[in-house]
Amino acid sequence: MSVRELIDKQASSIEKPVVLLRVNPVVYQEGVMGAMKYFSERFGMGLYVTLNKPCAVLQGAFEKDGLTPGSLVYLDSITNTPERRTESCHYLGRMRELTDICIALANMMSEEKEVKFVFVDSVSTLMIYNDSKSVARFCHSVIEKLRSVSLPAALVLVEMEEGNDVLAQLAQFCDVYVKGGELK
Amino acid sequence: MSRRVPGVTYKRIDRTAMDALLYALLKSLDYMGEQRRVILDRMGSVMLQYLVETGTVRSPDRPSEFDQSLKRLLIKNGYSPSIPMQSKAVAGAPSSLNLVEILTPTDRHLDGGAFPKSSVSREKEKVDWVLYEMVLYGMTKALDDQLGVQAQLILDRIGTGMLDYLLELGAIERSDDPKILIQSVIDYFVKAGYAKSFQFELEGAPPDTFVSRYESARYYTTVFRRIQKEGSALLSCPLCLVGHSIWATQGWKFGDIFEVRIKSDGKVLMKAKVFPSIGRFTEKDALRFSHMKV
């Protein structure tokens, strides 16, 4: 089953699902793409929190894969640029503190009223610079905030030993846990 | 702290350094089981591409010349002259090994992941630097293409694996004192031919910046410069990765590299954020966020 099918199977009956998606490194990109398509088609406009690949790279990849241009706004904390805002992206600067990401996320959720879901890619990236306890607390706070405004969401985690502590904690906060990406 | 060795040539590097890198690379991907091969094949392809682009081997467009030049390079450096399968130029060749596996110490193939206890340090044996940088570039580029910056977690694990390997071999002396251990690591890499010198210092009170200074650091003039131009934020400098794994045991993490100056003679100045690894998002931060209106 594809990641998209796996999510659909488990999340379709939930009105505003918060999905924790754990993907195998080998199929990480396909997994993210499948999940994005599911959320985009089901909910419409999304806010993509990119911590892992620059927004410009993602935009190109999504467009190539048939995702409607303009169906996403981005919060980018990976592109090496001073903080600035464009029509479709809030560049936060590379690898900013978790508190900075929180504030920017809250501001974007407040300003971008047409946003119908949030996609966090990826929780694993946060593990490079933060301890698992801080990452779990950050994710919990984000999920609580999303639930307070009834926004569905996906949080991506790549299958690695480093994320095991966080995975165990996050799975409790989310509605659905999908393990995707068996090699075909 | 510093270490200088005059007259070191940087066309070759100790084979032990190469063995440690390959051993740690394979070990870091062990958890993926059979799927590891997919990543290794991608790395192998990029490595071959690097050799072709740097003019080290002939283009696969001329299959026999490519085959011959690659075999010559491998034999010259003491490796089996097996040709990797993923090259279209050699489709159908009997070897099914990946380039990474071809270069990896034989005992690593045999024991399937256990420590190379029977191995001896091969400090007197050297390999061409271009092969070492080919592995560094290939693994970094393939991981970045596949996973983006989160691949730094795998690279950091490679650092830990290299340290384990070098300690086990006795190439680096064990010490419970992290300062002594770090100095041993620096001494090892300088002696191995990784760089002519390396110095570091911490800036700030409390410390928040790690300043590195290298002389004749070939990794930075070739691999690092290239992957940065290609948009990658990954750091695969072996000395840094091993160092990070020691600092991590003391509760320190390394953050973004916010300043890099690389001169063509290999002089490098690099500044990176450094911070305590715990307490980066506290209960207080969570509470403040929960009070923000959306």
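Looking at this structure, how should I read the side chain of Gln-35 of chain B?
As for its position among the elements, Gln-35 of chain B is in the loop between helix H1 (15–28) and helix H2 (36–53). Under the relative-accessibility criterion, Gln-35 of chain B is labelled buried at 10%. Within the local environment of Gln-35 of chain B, its side chain forms a polar contact with the side chain of Asn-24 of chain A, the two groups lying 2.7 Å apart.

I keep staring at the interface of chain A and chain B and nothing clicks. Help me out?
Interface extent is often summarised as the accessible area lost during association of the parts. The interface is formed by 45 residues belonging to chain A together with 40 residues belonging to chain B. Between chain A and chain B, the buried area comes to about 3800 Å², and carbon and sulfur atoms account for 58% of it. Taken together, the connections running from chain A to chain B amount to four salt bridges. Between Glu-97 of chain A and Arg-280 of chain B there is a salt bridge; the shortest N-O distance is 3.2 Å. The interface formed by chain A and chain B holds 25 residue pairs in polar contact (both at pLDDT 80 or more) in total. If one sorts the elements of the side of chain A that touches chain B by residue count, helix H4 (residues 98–111) of chain A sits on top with eight residues. Residue classes in the side of chain A that touches chain B are distributed as 21 nonpolar, 13 polar and 11 charged.

How should I be thinking about the pairing of strand S1 (residues 18–23) of chain A in this particular structure?
Regular strands have side chains that alternate between both faces of the sheet. Residues and elements named next belong to chain A. Counting buried positions along S1 yields six of six residues, so the element is predominantly enclosed. Here S1 shows no split at all, with Val-18, Leu-20 and Arg-22 on one side and Val-19, Leu-21 and Val-23 on the other all buried. Bridge analysis of S1 against strand S7 (residues 153–158) gives six bridges, and the strand direction is parallel. Residue Val-19 lies in a different strand from S7, and its bridge partner there is Ala-154. Strand direction decides the pairing type here: S1 and strand S8 (residues 176–180), joined by five bridges, are parallel.

I tried to follow unusual backbone geometry on my own but got confused; where do I start?
Backbone geometry follows two general trends: most residues other than glycine have a negative phi, and most peptide bonds adopt the trans configuration. Residues and elements named next belong to chain A. Residue Ser-122 follows Asp-121 across a cis peptide bond; omega there is 5°. The topology assignment puts Ser-122 in the loop between strand S6 (117–121) and helix H5 (123–129). The phi angle at Ser-150 is positive, at roughly 55°, despite the residue not being glycine. Among the structural elements, Ser-150 can be located in the loop between helix H6 (132–148) and S7.

Would you explain the side chain of Asp-121 of chain A in this entry?
All names here are of chain A. Mapped onto the elements, Asp-121 comes out in strand S6. In terms of polar contacts, Asp-121 uses its side chain to reach the side chain of Tyr-28, at 2.6 Å. Apart from residues lying up to four places away in sequence, Asp-121 is in contact with Tyr-28, Val-32, Tyr-48, Val-49, Thr-50, Leu-51, Asn-52 and Val-156.

Just checking my understanding: could you explain the sheet that holds strand S3 (residues 197–203) of chain B for this structure?
Two orientations exist for strands paired in a sheet by backbone hydrogen bonds: parallel and antiparallel. Residues and elements named next belong to chain B. Read across the open sheet, the four strands follow the order S3-S4-S6-S5; overall the sheet is antiparallel. Edge positions in the sheet fall to S3 and strand S5 (252–262), since each has one partner strand and no second. With direction set aside, neighbouring strand axes in the sheet form an average angle of 20°. Bridge count for S5 against strand S6 (residues 268–276) is eight bridges, and the pairing is antiparallel. Across the sheet, residue Lys-253 finds its bridge partner in S6, namely Phe-275.

Scoring rules and cut-offs
- Residues numbered from 1 in each chain as written.
- Chains lettered and ligands numbered in written order.
- Predicted model: local features only at pLDDT ≥ 70, side-chain atom pairs only at ≥ 80, totals over all residues.
- Heavy atoms only, no water.
- Helix = DSSP H or I, 4+ residues; strand = E, 2+ residues; numbered from the N terminus.
- Buried < 20%, exposed > 50% of the residue type's maximum accessible area, 1.4 Å probe, protein only.
- Polar contact = N/O pair within 3.5 Å; in protein donor to acceptor, adjacent residues only side chain to side chain.
- Contact = heavy atoms within 4.5 Å.
- Buried area = accessible area lost by both parts, 1.4 Å probe.
- Salt bridge = Lys/Arg side-chain N within 4 Å of Asp/Glu carboxyl O.
- Nonpolar A, V, L, I, M, F, W, Y, C, P; charged D, E, K, R; others polar.
- Pairing = 2+ DSSP bridges.
- Axes fitted to C-alpha atoms, helices over the stretch in contact; angles between N-to-C directions.

Read these as spatial facts, not as claims about activity.
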